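# Remarks on the overall topology
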Number of protein chains: 2
Amino acid sequence: MAKELVFGHQNPDTDAIAAAIAASYYLNEKGMDTEAVALGKPNDETNFALNYFGVDALRVITKADTKEVVLVDHNETAQSVANIDDVTVTHVFDHHKIDFKTSAPLFYHAEALGSTSTILYEFFKKDGIEIPTKIAGLMLSALISDTLLLKSPTTTDVDRDVIGKLAKIAGVDDVNDFGLDLLKAGTDLSKKTEKELIDGDAKTFKLAGKTFRIGQVNTVDIPSVLARKDALKVAIEAENASEGFNGFLFVITDILNSNSKALYFGEDSSKVAAAFQKELVDNLIDLPGVVSRKKQVVPPLTDSFK
Amino acid sequence: MAKELVFGHQNPDTDAIAAAIAASYYLNEKGMDTEAVALGKPNDETNFALNYFGVDALRVITKADTKEVVLVDHNETAQSVANIDDVTVTHVFDHHKIDFKTSAPLFYHAEALGSTSTILYEFFKKDGIEIPTKIAGLMLSALISDTLLLKSPTTTDVDRDVIGKLAKIAGVDDVNDFGLDLLKAGTDLSKKTEKELIDGDAKTFKLAGKTFRIGQVNTVDIPSVLARKDALKVAIEAENASEGFNGFLFVITDILNSNSKALYFGEDSSKVAAAFQKELVDNLIDLPGVVSRKKQVVPPLTDSFK
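Residues numbered from 1 in each chain as written. Chains lettered and ligands numbered in written order. Predicted model: local features only at pLDDT ≥ 70, side-chain atom pairs only at ≥ 80, totals over all residues. Heavy atoms only, no water.

For chain A, the name recorded in an unreviewed UniProt entry is inorganic diphosphatase, with Oenococcus sicerae as its organism. Heading Cofactor (unreviewed entry) of the UniProt record for chain A holds this comment: "Mn(2+)". Listed in UniProt under the heading Catalytic activity (unreviewed entry), the comment for chain A reads: "diphosphate + H2O = 2 phosphate + H(+)". (UniProt positions renumbered as here; feature names shortened; annotations may be inferred.)

If you want it as structure tokens, here you go:
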């Protein structure tokens, strides 16, 4: 029989990949028979982590070919496999807001911690299961990635504690050095097309019955991204039209100074501006102090569309 | 400031009450400031447990007067406080199917174990927090109640393990004797009106956009309940009309022989019958081997209405 599949969200980031690998290993140690897979190719940052710790990239799927699946780092249908409604979810490990519905009880653990990998560390610890060095390295990378080296407001005391423990298991002596190298590996945007930029980390959200897309890129130089605004506009408007998105918010985050600016193209722009109590000027909105889509972008947007 | 409220579902059963008390104690030990409350008065079985272990009944509320709340033993809006959409859920401990939506991340732990109290036992254990004798007694009662003394198909190996541990802490020497006394305390239906019978443990479910009510009574004598069928029909049809239920399934469960019969009044009766691959004869459906609403009634109904 095919192994039960374990996967993170579409457009996987480092946590989606690392948490799938860690959860699959953890569940197999608990007696299950699972395989970690991914819903897309690793991004540059994740490739840096995979290479650094000597782990192969995961098999990429778009549809689950097993009856039962495990979700990590997401729970919403729109972010999952194409046939999510036809399979049974047996476990969820996640740290996002919840929009989830099943017809039978299951294992579901969510916690507002910095990364899903942080949550999985706690499960390994609770059950006394040792984390292999390479997997600890990926989990460390995921924690660094999701919390921007503990600078994101999503960071909790648990993350601040777990980061050192994972670094020790992974054999990483200087977390700060390693973390900056990891984050910077994801910020070389010059070789990417506009379509790659907007699609890279984008997720779909349902707000008041409409479909919105929210993308985010990390950079150390916001102006060089904004210099491509006209071409980004063309790419986003083309995607809104072809995919039926009612709007697209493209968040450009300065990982060194912990600020963002965002471009918005689509309907209800006044509601988008109101969400952040800001003006939208030439489709641009200033988001000082904003680095977390999950904590600082999605909740105010959700409230504004209520 | 008012304490954060912790509560189980409307029409509370023993697990809804015990889990609220246990979760509130657990969270307070973890540094929170919470109060366990109930969304209704305790039933006869729960009263037996409260008296046996010397615990006062909880304060009854219908609306939460705090901004933040903790849900135990339920997650669906229709089973919660009237103003659930206006408050923030910070934690959920549950063992039911999920139909849940939030705008921000939170702590959510669900597991397909026999009772929410079983899940809470695992949290006490993980964190090395001692369970007070009286609370262990209530948690034991809840585990017995929800699993019908480990006979329900919802029973897991974890429940079989935890029941003995809770009994030991609670000072209950003969779990079987205590359990039968507890379950029988909930089966004296002779003094109840038909309205009390159908309302006692009833929960509301949304199926294919319609609203269905599913009630359940435990008994040692199904025929004596069915002898009141005409009066039950009047009570159920009156409630369907006044509350706008599209249908009402009233499950009568023989706790000694682990069988049920159910009365159904409402729309889509063919879909209800199809859910159980049975005929509905004079509004009566035979459900041999069925004791668990959660595992043997709601999932097939949900699938049949898809």
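On to the relation of the copies chain A and chain B. Each of the two copies of the chain can be brought onto the other by a rotation about an axis and a shift along it. The two copies are related by a screw motion: chain A maps onto chain B through a turn of 180 degrees and a shift of 0.0 Å along the axis, at an RMSD of 0.0 Å. This pairing of chains is accounted for by a two-fold axis. Taking C-alpha positions as reference, the residue of chain A nearest the rotation axis is His-109 of chain A, located at 2.3 Å. Most of the interface of chain A is mirrored in chain B, where 100% of its interface residues again form contacts. (Least-squares fit on C-alpha atoms with pLDDT ≥ 70 in both. Contact = heavy atoms within 4.5 Å.)

This next bit is on the confidence of the model for chain A. Averaged over chain A, the pLDDT score is 95; the fraction of residues at 70 or greater is 100%. Taken over the whole predicted complex, pTM reads 0.86, whereas the ipTM for its chain interfaces reads 0.83. (pLDDT = per-residue confidence, 0-100.)

Let's shift gears to the pairing of strand E8 (residues 210–219) of chain A. All names here are of chain A. Of all 10 residues in E8, 9 are buried; the element is thus mostly enclosed. Note: strand E7 (residues 203–207) against E8, 5 bridges, orientation antiparallel. In the sheet register, Leu-207 faces E8, and the bridge partner there is Lys-210. What sits between the antiparallel neighbours E7 and E8 is a turn of 2 residues, in which Ala-208 has the positive phi angle 50 degrees. Two strands pair when backbone bridges link them, and E8 and strand E9 (residues 247–254) are joined in this way by 8 bridges, in the parallel orientation. Pairing of Thr-219 across the sheet is with Asp-254, part of E9. (Buried < 20%, exposed > 50% of the residue type's maximum accessible area, 1.4 Å probe, protein only. Helix = DSSP H or I, 4+ residues; strand = E, 2+ residues; numbered from the N terminus. Pairing = 2+ DSSP bridges.)

This part is about the packing of aromatic side chains. All names here are of chain A. In total, this model carries 31 aromatic pairs over all chains according to the counting rule given. Relative to Phe-107, the ring of Phe-93 lies with its centre 5.4 Å away and its plane at 45 degrees, an arrangement referred to as tilted. Of this pair, Phe-93 sits in strand E4 (residues 88–94) while Phe-107 sits in strand E6 (residues 107–110), placing them 14 residues apart in sequence. In this structure Phe-93 comes out as buried when scored by relative accessible area, which is 0%. Members of the aromatic cluster, connected to one another through ring pairs, are Tyr-25, Tyr-26, Phe-93, Phe-107, Phe-123 and Phe-124. (Phe/Tyr/Trp six-rings, centres within 6.5 Å; stacked < 30°, edge-to-face > 60°.)

Here the focus is the interface of chain A and chain B. Listed per partner, the contact involves 24 residues of chain A and 25 residues of chain B. Roughly 2,100 Å² of surface becomes buried between chain A and chain B when both sides are summed, with 59% attributable to carbon and sulfur atoms. Counting the surface chain A buries against chain B, the share from its top three residues, Ile-98, Ser-103 and Pro-105 of chain A, is 29%. Here chain A and chain B share 2 salt bridges between them. Two residues, Lys-101 of chain A and Asp-99 of chain B, come together in a salt bridge whose shortest N-O distance is 3.6 Å. Taken together, the connections running from chain A to chain B amount to 6 residue pairs in polar contact (both at pLDDT 80 or more). (Buried area = accessible area lost by both parts, 1.4 Å probe. Salt bridge = Lys/Arg side-chain N within 4 Å of Asp/Glu carboxyl O. Polar contact = N/O pair within 3.5 Å; in protein donor to acceptor, adjacent residues only side chain to side chain.)

What follows deals with the pattern of salt bridges. All names here are of chain A. Per the stated rule, a full pass over the model turns up 36 salt bridges over all chains. With a shortest N-O distance of 3.0 Å, Lys-97 and Glu-76 are connected by a salt bridge. Of this pair, Lys-97 sits in the loop between E4 and strand E5 (99–101) while Glu-76 is found in the loop between strand E3 (68–72) and E4, placing the two residues 21 residues apart along the sequence. Assessed through its relative accessible area of 10%, Lys-97 is described here as buried. A relative accessible area of 7% places Glu-76 in the buried class. Salt-bridge contacts for Asp-286 lead to Lys-261; the nearest nitrogen and oxygen are separated by 3.1 Å. Taken together, the residues Asp-286 in strand E11 (residues 284–287) and Lys-261 in strand E10 (residues 259–266) connect sequence positions 25 residues apart. Judged by its relative accessible area of 27%, Lys-261 is partly exposed. Each of the salt bridges in this network shares a partner with another, and the network as a whole consists of Lys-30, Lys-126 and Asp-127.

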